[in-house]
Amino acid sequence: MAIVSAEKFVQAARDNGYAVGGFNTNNLEWTQAILRAAEAKQAPVLIQTSMGAAKYMGGYKVCQALIANLVESMGITVPVAIHLDHGHYEDALECIEVGYTSIMFDGSHLPIEENLEKAKEVVALAHAKGVSVEAEVGTIGGEEDGIVGTGELAPVEDAKAMVETGIDFLAAGIGNIHGPYPENWTGLDLDHLKKLTEAVPGFPIVLHGGSGIPDEQIQEAIKLGVAKVNVNTESQIAFSNATRAFARAYDADEAGYDAKKLFDPRKFLADGMKAVQGAVEERIDVFGSANKA
Ligand code: 13P
């Protein structure tokens, strides 16, 4: 199984009332941690790179090769899609070219007509190569890699029109935001989600900003039609908390730190990576996609 496009397993999640995780990666170790978690939980996953993370890692070719080769060398058996998260039009085309198996074209900052037109073009090019497509209507709030949205509820008519372009799954704003949720956040607008899913019956919806939403709200959203949940911040916080704790444990023991050669990045990053794996496994359980590979 291993590297596949995502439309079949995302639709299977929609049809059977669970969600798969779209987990953002940032480097080699992160990718390994997500793959280990998916294999341990026997869950299908999308490993996704934002445009910024791909640039950080050396470009889309590097990311594609890294994920594909790790899947092989680690003997991963669960379905894995290599996905572009929030891609501009040109980035979507580049990812299709270099072998991503799934892409998100994010034209939500464009006028709706242009967003729809470009999505249609991306769908034609992607589907010709067996690549699945996610698109977005209504901006997701918060800030991710310099992409800032004010947050809004996706207009139902726009969602319907976007589904008609032939995309495979739809990201739609329902009060969700990227990054940590502020104290005064009022929660997901599940009534609006219901309106959206009634307008596009059976179609898989993607919940962005999956970190920090109370589990019961995520599970309600899944019942209503969310079939993919994106997670980035939660893994980042797990990684940084574990790494900080590891470093602090040796604050008063420089000699012990040096004697154990903990400055070796393979040792220094180990706890953080275990924490990422743990966070991803925990999310897979909450989304209900364990043992769905
Ligand atoms: P979080 O920042 O809530 O993890 O959201 C990630 C995301 O939606 C990526 O597209």
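Above: the structure in question.
Residues numbered from 1 in each chain as written. Predicted model: local features only at pLDDT ≥ 70, side-chain atom pairs only at ≥ 80, totals over all residues.

1. What about the overall build of the protein?
Each helix and strand in the protein was counted, giving 13 helices and ten strands. The principal-axis extents of the C-alpha atoms in the protein amount to approximately 65 × 40 × 35 Å. In the protein, which comprises 293 residues, the share counted as buried stands at 48%. The contacts of the protein with a sequence gap of at least 6 include a subset with a gap of at least 24, amounting to 71%. (Helix = DSSP H or I, 4+ residues; strand = E, 2+ residues; numbered from the N terminus. Buried ≥ 20, exposed ≤ 12 C-beta atoms within 10 Å, placed from the backbone. Contact = placed C-beta atoms within 7 Å.)

2. Structural notes on the sheet that holds strand 2 (residues 45-50)
On the basis of which strands lie adjacent, the closed barrel formed by eight strands has the order 1-2-3-4-5-8-9-10 and parallel pairing. Ignoring strand direction, the axes of neighbouring strands in this sheet form an average angle of 25 degrees. Pairing of strand 1 (residues 20-24) with strand 10 (residues 226-231), which is carried by four bridges, proceeds in the parallel orientation. Note on strand 10: the bridge partner recorded for Val20 is Lys228. Together, strand 2 and strand 3 (80-87) form the strand contacts of helix 4 (residues 60-73), whose direction differs from that of strand 3 by roughly 160 degrees. (Pairing = 2+ DSSP bridges. Axes fitted to C-alpha atoms, helices over the stretch in contact; angles between N-to-C directions.)

3. Overview of the site of the ligand
Around the ligand there are 14 residues in total, and His208, Ser211, Asn230, Asn232 and Thr233 lie nearest to it. Tallied by class, residues from the shell around the ligand come to one nonpolar, eleven polar and two charged. (Near = placed C-beta within 6 Å. Nonpolar A, V, L, I, M, F, W, Y, C, P; charged D, E, K, R; others polar.)

4. Structural notes on the packing of helix 7 (residues 156-163) against helix 8 (residues 190-199)
Two elements in contact, helix 7 and helix 8, have axes whose closest approach is 9 Å; the angle formed by their N-to-C orientations is 35 degrees. The way helix 7 lies across helix 8 gives a crossing that is right-handed. Here Val156, Ala159 and Lys160 of helix 7 lie close against helix 8, whose contacting residues are Lys195, Leu196 and Ala199. Taken together, the residues of the contact of helix 7 with helix 8 sort by class into four nonpolar, no polar and two charged. (Left-handed = near helix turned anticlockwise from the far one by under 90°.)

5. Some words on helix 6 (residues 112-128)
A rise of 1.5 Å per residue sets the reference length of helix 6, with its 17 residues, at 24 Å; its end C-alpha atoms lie 24 Å apart and thus fit the reference within 8%. For helix 6, every residue scored as buried is listed here: Asn115, Ala119, Val122 and Ala126. Each buried residue of helix 6 lies within a common arc of 70 degrees when the element is viewed along its axis, so the set occupies one face. Looking at helix 6, the residues exposed on the side facing more than 90 degrees away from the buried face are Glu113, Glu114, Ala124 and Ala128. Buried residues in helix 6 make contact with helix 5 (89-98), strand 4 (102-105), strand 5 (132-137) and helix 7. (Expected span 1.5 Å × (residues − 1). Arc of directions from axis to C-beta.)

6. So, the pairing of strand 10
It is a general feature of regular strands that their side chains alternate between the two faces of the sheet. Most of strand 10 sits out of view: six of its six residues are buried. When strand 9 (residues 205-207) meets strand 10, the two strands line up parallel, connected through three bridges. Within strand 10, the residue paired with Val206 across the bridge is Lys228. On the question of chirality, the crossover connecting strand 9 to the parallel strand 10 by way of helix 9 (residues 215-224) is right-handed. (Right-handed = clockwise from strand over helix to strand, strands pointing away.)

7. Things to note about the packing of helix 4 against helix 5
The axes of two packed helices give the description: the angle between them and the distance between them. Contact geometry of helix 4 with helix 5 gives a least axis separation of 10 Å together with a crossing angle of 45 degrees. Classed by the angle they form, the pair helix 4 and helix 5 counts as oblique. In this structure, the crossing between helix 4 and helix 5 has a hand that is right-handed. Of helix 5, the residues touching helix 4 (which contributes Tyr60, Lys61 and Gln64) are Glu94, Cys95 and Val98. Looking at the contact of helix 4 with helix 5 residue by residue, the classes come out as three nonpolar, one polar and two charged. (Parallel < 35°, antiparallel > 145°, perpendicular 65-115°, else oblique.)

8. Quick word on unusual backbone geometry
As a rule of thumb, non-glycine residues mostly have phi less than zero, and peptide bonds are mostly trans rather than cis. The phi dihedral of His86 is positive, around 50 degrees, even though this residue is not glycine. Of note, His86 is situated in strand 3. The exposure class assigned to His86 is buried, which follows from the 27 C-beta atoms found within 10 Å. Positive phi, close to 55 degrees, is recorded for Lys261, a residue that is not glycine. Of note, Lys261 is situated in the loop between helix 11 (254-259) and helix 12 (265-268). For Lys261, a count of 10 C-beta atoms within 10 Å puts it in the exposed group.

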